[in-house]
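The residues making up each chain are set out below.
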Amino acid sequence: MTELPKALQEFKPNEASERTELQRRRDRWFRALCLAVGCSSIAILFLLLVSIAYQGSSSLNGTFLSASHDPENPARAGMYPSIVGSVILCTLCAIISLPIGVAAAVYLEEFQPKNRWLLRLHGLVQLNIANLAGVPSVVYGLLGLTLFVYMFQLFGKLEQNQVSGIDFWGIQRYYQFVTADDLAVIFVLMDESRESTLKIESVRPAFDTNFRPIELQVWDPATPQPTDPEVLGRTVRKGDVGALVEIYSWYYFRLPFGPSLLAAALTLSLVILPIIVIASQEALRAVPSSMREASAGMGATRWQTTQQVTLPAALPGVLTGAILAMGRAIGEAAPIFVVLGGNIAKRTGPEHLMDSCVTMPILIFAWADNPVEQYRQLAAAAIIVLVALLLVMNSMAIYLRGRS
Amino acid sequence: MNRGLPIPSALEQKRYRPTGSARRSERIVVALLMACALGTIALSVLIVLMLLRESWSFFSSPNVSLTQFLFGTRWTALEVRDLEKVEFGIWPLLSGTLRVTGIAMLIAWPMGLITAIYLSEFASNRVRKILKPSLEILAGIPTVVFGYFAVLLISPGLQWISPSFDTFNATSAGIAVGILCLPLVCSLAEDALSAVPTSLREAVYSLGGTRMNTALNVVLPSALSGVISAMLLAFSRALGETMVVALAAGTLATFTLDPRQQSQTMTGFIVEMLKSDLEYGTVQYYSLFGVALALFVITFVMTLLGQLIRRRYREVYQ
């Protein structure tokens, strides 16, 4: 933007020809048009926020934030699982895609090869990243569906509501029994037989409800019942049938992933990877090369320079880009819908990596699609929460950018 | 274009050689970084392979012919359960996508471009301080919110204007997608416009040109490649937009030009198919990969074109 030159600023209309007068009038009109169009986007934003706030504010209360989806009663429905789900999903996503994205950006910006062919490859990677940023997110969703959820069906066909695939770690299988005094539950460790139920005949390794090992007693109902309540608390009737229970640790891992938190996080990381790469590249490019030269002058290798000079200098910019990418991830619905499906019935946040997960955009989509009017109002309330969260993230990004 | 630091010749000749361990670890680190960068290429390859492999299950079915797919005007994968009678012609979905995208671009292109011109040529600092953050907030709002907005406000508004609009119609979805693409067009176009050097503007002023002359006759033509690329990128973004059309455009695949009707788009069909109870493995299910392949090809060409135009025809100023 330049200031008008002085001679033009002191322009005298009476000296101007009619043609210039016309030009000036046109200029004013054009300027007014531009201002009107520019302001209309502010008006649209205002209209959008106000209409949604009007629609949703009445449903926004403590219960709404702490309850889970209720298919019968909209008044008792809430979005707690989706908030937890979105936050966990987003964190996982950042853990996966940030290191890869920043590394790719560092390679592209700081380690440009001298070899002609490698340089061409470099350009190809650059173009490819720009193209990846333009791939519709629903296509990433389909990639996640075939690659992570079904794994090209290499591990057999995955059916709904049926255990299949290979478990690796983080899962413990027990049979559940009621004690002889009917007061407590005892878990008997599953052995190699892998039956879905166990008829108890002899003493086996067993655990109480806190999964502390206990000494199991098997009581034959034909004999007199033990009287000591302590012993009774770890006694089961001989011949009782226990059902299979599976206890998962948070790091439970299986192949294929199925519609799980991990599959969704990996898919979403792919969606935001190009965004992180492009933002980090811009941040690195903004570091003045004099800094790099100074570092090289002191005998640092390129990686030492990058690690100790360039990256710290670019950190605010990288973080800004990362937060904006996280904002994109938290609001992204299509790929998660493809990977996890539209099921919003879950009552808790995800409890292990292979657990299903509800996120805020999916909940909003399901509620907005619901024919019942009250659920659509709930969708507006959920939008208020989501947009508020995004505004907080965006202002963090703006604050960081101001410091860089 | 070598922005990386040139290594001083003293270091190149290893007179001040860094310690051996630093050099060794450097090699490992560079290999790791390179692996990450090449991983993005692997990602593209994976997407293409996945689409080809899965859609092969669709195209190789005896009930599907490629000519019918490319030229057919009826798409009944969700309505008809009997595989023998299902018709797979992409045009209803494609026309739905193009209707929605066309309406979106009618809004996003002019509005985005004019806002960009205003921001780069006219806006005072005070206006800019309000306008830019507003656009950034608009850009950050999740797409599902725009879908909700379309159903909540735009659709009833259109029906109030003319009752002939369906509850779910291409226009309301198109308007919402247009609003969604507006910040994208605006920021990319503004980047292109402000890259035009001030000296060109000063030249116009010195010839007695007004600001409008400057903006329309000099700055815009100089930045044309960037502007066109912004438009193409917005176009491909609109083509791939999913949640808005899933909420607001309806579930009927219609082959028509009428923007008041329901119009299922390609992305809308993918969502509907995943919502339906058709099992993974049926031909109808795999048809969504056929649709996704078509969508990918179209958006890929658009984005590539946008990138290439921006690179090739960018006028380089000192």
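Residues numbered from 1 in each chain as written. Chains lettered and ligands numbered in written order. Predicted model: local features only at pLDDT ≥ 70, side-chain atom pairs only at ≥ 80, totals over all residues.

J.: Would you mind going over the overall build of chain B with me for this structure?
T.: Helix and strand counts for chain B come out as 13 helices and 0 strands. Starting at the N terminus and walking to the C terminus, you meet the elements of chain B as α-α-α-α-α-α-α-α-α-α-α-α-α. Its C-alpha atoms give chain B a radius of gyration of 25 Å, more than 25% over the compact-globule value 20 Å for 318 residues. Each of the three principal axes of chain B carries a C-alpha extent, and together these read 75 × 60 × 30 Å. Buried positions account for 49% of the 318 residues belonging to chain B. (Helix = DSSP H or I, 4+ residues; strand = E, 2+ residues; numbered from the N terminus. Rg over C-alpha atoms; globule rule 2.2 N^0.38 Å. Buried ≥ 20, exposed ≤ 12 C-beta atoms within 10 Å, placed from the backbone.)

J.: What exactly am I supposed to notice about the nonpolar core here?
T.: In a soluble, globular protein the nonpolar side chains are often hidden away together inside. Among the nonpolar cores identified, the biggest contains 199 residues, and I364(A), A382(A), A176(B) and V185(B) are the most heavily contacted of them. When residues of this core are assigned to their parent elements, the largest contribution, 18 residues, is made by helix α8 (residues 261-285) of chain A. In terms of nonpolar packing, the next biggest core, distinct from the first, is built from 12 residues, Y175(A), F177(A), L198(A) and V236(A) among them. (Core = buried A, V, L, I, M, F, W, Y, C linked by C-beta atoms within 7 Å.)

J.: Is there a simple way to think about the pairing of strand β8 (residues 241-255) of chain A in this case?
T.: All names here are of chain A. With 9 bridges connecting them, strand β1 (residues 166-178) and β8 associate as antiparallel partners. Bridge assignment links I166 to a residue of β8, and that residue is L255. As paired elements, strand β3 (residues 197-199) and β8 share 3 bridges and run antiparallel to each other. Bridging across to β8, K199 finds its partner in V241. (Pairing = 2+ DSSP bridges.)

J.: Where do I start with the domain arrangement of chain B in this structure?
T.: When the parts come together, some accessible area is lost, and that loss is often what is quoted as the size of the interface. All names here are of chain B. We note that the domain assignment places domain 1 (17-60) and domain 2 (91-312) within chain B. Relative placement of domain 1 and domain 2: their C-alpha centres are 32 Å apart. Contact with domain 1, which involves 6 residues of that partner, is made by 8 residues of domain 2. Among the residues making up the side of domain 1 that touches domain 2, the classes are represented as 3 nonpolar, 2 polar and 1 charged. (Domains from an automatic or database assignment. Contact = placed C-beta atoms within 7 Å. Nonpolar A, V, L, I, M, F, W, Y, C, P; charged D, E, K, R; others polar.)

J.: Would you explain the confidence of the model for chain A in this entry?
T.: Segments scoring low in pLDDT should not have their predicted coordinates read at a detailed level. Averaged over all residues, the pLDDT of chain A is 85; the fraction at 70 or higher stands at 92%. Looking at the elements of chain A, mean pLDDT is at its lowest for helix α1 (residues 6-9) of chain A, recorded as 63, and at its highest for α8(A), recorded as 94. (pLDDT = per-residue confidence, 0-100.)

J.: How should the sheet that holds β1(A) be read in this particular structure?
T.: Either a parallel or an antiparallel arrangement is found when strands of a sheet pair, and the pairing is made through backbone hydrogen bonds. Overall, antiparallel pairing links the 6 strands, which are arranged β3-β8-β1-β2-β4-β5 (chain A) in an open sheet. For this open sheet the edge positions go to β3 and β5 (213-214) of chain A, each flanked by a neighbour on one side alone.

J.: Please explain the confidence of the model for chain B as it appears in this structure.
T.: On average, chain B scores 86 in pLDDT, and the residues at 70 or more come to 92%. Scored as a complex, the prediction yields pTM 0.87 and ipTM 0.89.

J.: Just checking my understanding: could you explain the pairing of β1(A) for this structure?
T.: Each regular strand carries side chains that alternate between the two faces of the sheet. Residue and element names in this part refer to chain A. Pairing of β1 with strand β2 (residues 185-189), which is carried by 5 bridges, proceeds in the antiparallel orientation. Along β2, the bridge assignment pairs F177 with I186. Counting the residues in the hairpin turn of β1 and β2 gives 6 residues, including D182, whose phi is positive at 60°.

J.: Whenever I open this one, the packing of α8(A) against helix α10 (residues 302-331) of chain A confuses me. Can you help?
T.: All names here are of chain A. Contact geometry for α8 and α10: axes closest at 8 Å, N-to-C directions at 150°. Here α8 and α10 pass one another in a crossing that is right-handed. Facing L268, I272, I275, I276, A279, S280, E282, A283 and L284 of α8, the residues of α10 in contact are T310, A314, G317, V318, G321, A322, L324, A325, R328 and A329. Here the residues of the contact of α8 with α10 are counted per class, giving 13 nonpolar, 4 polar and 2 charged. (Axes fitted to C-alpha atoms, helices over the stretch in contact; angles between N-to-C directions. Left-handed = near helix turned anticlockwise from the far one by under 90°.)

J.: Which parts of the structure should I look at to understand helix α12 (residues 360-368) of chain A?
T.: It helps to recall that an α-helix has 3.6 residues per turn; residues three or four apart then point in one direction. Within α12(A), 9 of the 9 residues are buried, leaving the element largely enclosed by the surrounding structure. For α12(A), the full list of buried residues reads M360(A), P361(A), I362(A), L363(A), I364(A), F365(A), A366(A), W367(A) and A368(A).

J.: What exactly am I supposed to notice about helix α2 (residues 20-59) of chain B here?
T.: Helix length check: α2(B), at 40 residues, gives a terminal C-alpha distance of 57 Å against a target of 58 Å (1.5 Å per residue), a fit within 8%. Buried residues of α2(B): V29(B), L33(B), M34(B), C36(B), A37(B), T40(B), I47(B), M50(B), L51(B), E54(B), S55(B) and F58(B), and no others. (Expected span 1.5 Å × (residues − 1).)

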